[in-house]
Amino acid sequence: LKATIPTTTLEEIDTLHFNPLNIVFKGNYTVPGDKSISHRALILGSIFGGQVTIKNLNGGEDVHSTLAALEEMGVKVISKGAEGLVIQGPQNWLTPSKPLDMGNSGTSTRLLMGLVAGAGVQATFKGDASLSKRPMARVIDPLVQMGMPKPSGENLPLTVPPNEKKLLGIDYIPTVASAQVKSAILIGGLFAKGPTRVTEIMATRDHTERMMGYMGMPLETQGHRIQVREYAPQRDAQITVDIPGDPSSAAFWVVGALITPHSKVTIENVLMNPFRVKFLEYLLEMGGQIEVEDLKVTQGGEEVATLKAHYSPNLRAIETDPVQAPAALIDEFPILAVAASFADGQSSLQNLGELRFKESDRLFKIGELLRAFGISFEITQNEQGGESLIVHGRPLSTYTPLGHPITYSSQGDHRMAMSALIMAAGRKTPLRLEGVKTINTSFPTFLEQLGVG
Ligand code: S3P
């Protein structure tokens, strides 16, 4: 039998043979700068006017796509080094000389569309196969209402025509709970005549609002209603933004530790924004042994803490809130489903329809992952069409590792790739993972820290 279990190798063809038999999560693990905040630091930092020093910027490909697009539009990188990346936006926004390559990044595309609309420049957006399938009408519709000329299509590649006229502020109630949609409108609103208001039915991550406030941009919030006014750039001002560690990346180490015997990890400097750490609440409710220590505020208006997580053999099943959880856990459902598969009992992760529009159809891909490891599940639908995932947990005490390697494809989705590796580590089952390089979109040091790099 031994001969059938390969050692870990990384093939050129983007497939990883991962042998997790000796994997234990022990000691200090790190996470990159938060991806959502990195995009905002770059985009809002370019609109700011003066020089912005950005520390701990996420080094993944998605954030690089944002920076490269901004440079095409006239943003200058003044310096980069140990003290951070120093950028300054242009006095006049330039028309990009080539298509803006958004790679895999929905956040880059949607937030930059707000900037392109505001700046009035013509720009073509293109992206990889996964991004080219994702819906853009949700940002195009409100931006067109503000006066952006109608783009050439509703999926990438698409071109936004030039616009001589200023945008006009609107009052908008998004139909999907999406921080990207809210942010695109608010970014456009910084260039618009009159106030721009977004009223959210369900509150989403508020990094854009916090960063705008930190940079002194004219923003007011009242409950679920956020208003911005036209912003006058401050060419002589200087500001530093320190980006906290990404909790969505920390979730992989936390769950890895909870499900893998003998594990105990410490992760410092993790963002504690309430919209981003709901997964910790659910893991605690499941009986996960997690401690949050050293809570403090960073430059940039966010809070960070140190996370500690220990092996927790007696995880209990959970039911996630159908109203609050979908937006608050949107990126953590894959790894939460992995944790739920180790719990005793039947977990119900509710109202997950929006997962179908992520880097992959994540609801389908989570199902495939569970099935590959022999975990039963159902996807149910309620009368309103809301889809839920029911996971029939198999704690390690009732699970026999599959003796043979299993194959799983990430379908170009970084979070599915990392979830699959953590599942394999916990279940001590060798994994042939197709589509592993996509992890670089958000977490370039993940494999190295997993002991694979
Ligand atoms: C993000 C918002 C979320 C999230 C994505 C990053 C952001 O998307 O899934 O990874 O930075 O605003 P939606 O706002 O579209 O749900």
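Conventions used here
- Residues numbered from 1 in each chain as written.
- Predicted model: local features only at pLDDT ≥ 70, side-chain atom pairs only at ≥ 80, totals over all residues.
- Heavy atoms only, no water.
- Pairing = 2+ DSSP bridges.
- Helix = DSSP H or I, 4+ residues; strand = E, 2+ residues; numbered from the N terminus.
- Contact = heavy atoms within 4.5 Å.
- Axes fitted to C-alpha atoms, helices over the stretch in contact; angles between N-to-C directions.
- Salt bridge = Lys/Arg side-chain N within 4 Å of Asp/Glu carboxyl O.
- Buried < 20%, exposed > 50% of the residue type's maximum accessible area, 1.4 Å probe, protein only.
- 1 Å grid on protein atoms, 1.4 Å probe; cavity = no way out; pocket = protein on both sides within 12 Å on 5 of 7 lines; lining within 4 Å.
- Points joined across faces, edges and corners; volume = space filled by probe spheres on them.
- Nonpolar A, V, L, I, M, F, W, Y, C, P; charged D, E, K, R; others polar.

Trainee: Just checking my understanding: could you explain the sheet that holds strand S13 (residues 225–228) for this structure?
Mentor: Sheet strands pair via backbone hydrogen bonds, and the direction of the pair is either parallel or antiparallel. As summarised here, the arrangement of the four strands in space is S10-S11-S13-S12, forming an open sheet in which the pairing is mixed. On the outer flanks of this sheet lie strand S10 (171–172) and strand S12 (219–222), each paired with one strand and no other. As defined by bridge partners, S12 adjoins S13 across four bridges and the pair is classed as antiparallel. Paired with Gln222 across the strands is Arg225, a residue of S13. Running over the sheet, helix H6 (residues 179–189) touches S10, strand S11 (196–199) and S13 and is turned about 165° from S11.

Trainee: In this structure, what is going on with the sheet that holds strand S9 (residues 158–160)? I would like to understand it.
Mentor: Across the sheet, three strands lie side by side as S7-S8-S9; this open sheet has mixed pairing. Taken across any chain shown, the strands that pair with only one partner, and hence form the sheet edges, are strand S7 (100–101) and S9. Across the sheet, helix H3 (residues 106–119) lies against strand S8 (123–126) and S9, angled at about 175° from S8, the strand it touches most.

Trainee: Looking at this model, I keep getting lost on the pattern of salt bridges. Mind explaining?
Mentor: A complete count under the given rule lists 23 salt bridges for this structure. Between Arg415 and Asp331 there is a salt bridge whose closest N-O contact spans 3.8 Å. Remark: Asp331 occurs in the loop between helix H10 (325–328) and helix H11 (333–341) and Arg415 occurs in helix H13 (residues 414–427); sequence separation between them is 84 residues. The residues Arg415 and Asp331 share a single accessibility class, namely buried.

Trainee: Would you mind showing me how to read the layout of surface pockets here?
Mentor: Rolled over the atoms, a probe with the dimensions of a water molecule shows which regions are left empty. Roughly 750 Å³ of volume is contained in the largest pocket. Taken together, 42 residues form the lining of the largest pocket, with Ala177, Ser178, Ile330, Glu354 and Lys358 sitting closest to its centre. Among the elements that take part in the lining of the largest pocket, helix H1 (residues 35–48) stands out by supplying four residues, more than any other. Taken together, the residues that form the lining of the largest pocket break down as 14 nonpolar, 13 polar and 15 charged.

Trainee: Even after reading the chapter, I still don't get unusual backbone geometry, so can you show me in this structure?
Mentor: Where the residue is not glycine, phi is negative for most of them; where a peptide bond is considered, it is trans in most cases. The peptide bond linking Leu156 to Pro157 adopts the cis configuration, its omega dihedral lying at -5°. Along the chain, the position of Pro157 falls in the loop between helix H5 (137–145) and S9. Here Gln411, not a glycine, exhibits a phi torsion of approximately 55°, which is positive. Among the structural elements, Gln411 can be located in the loop between strand S21 (406–409) and H13. Taking the relative accessible area as the measure of exposure, Gln411 reaches 48% and is therefore partly exposed.

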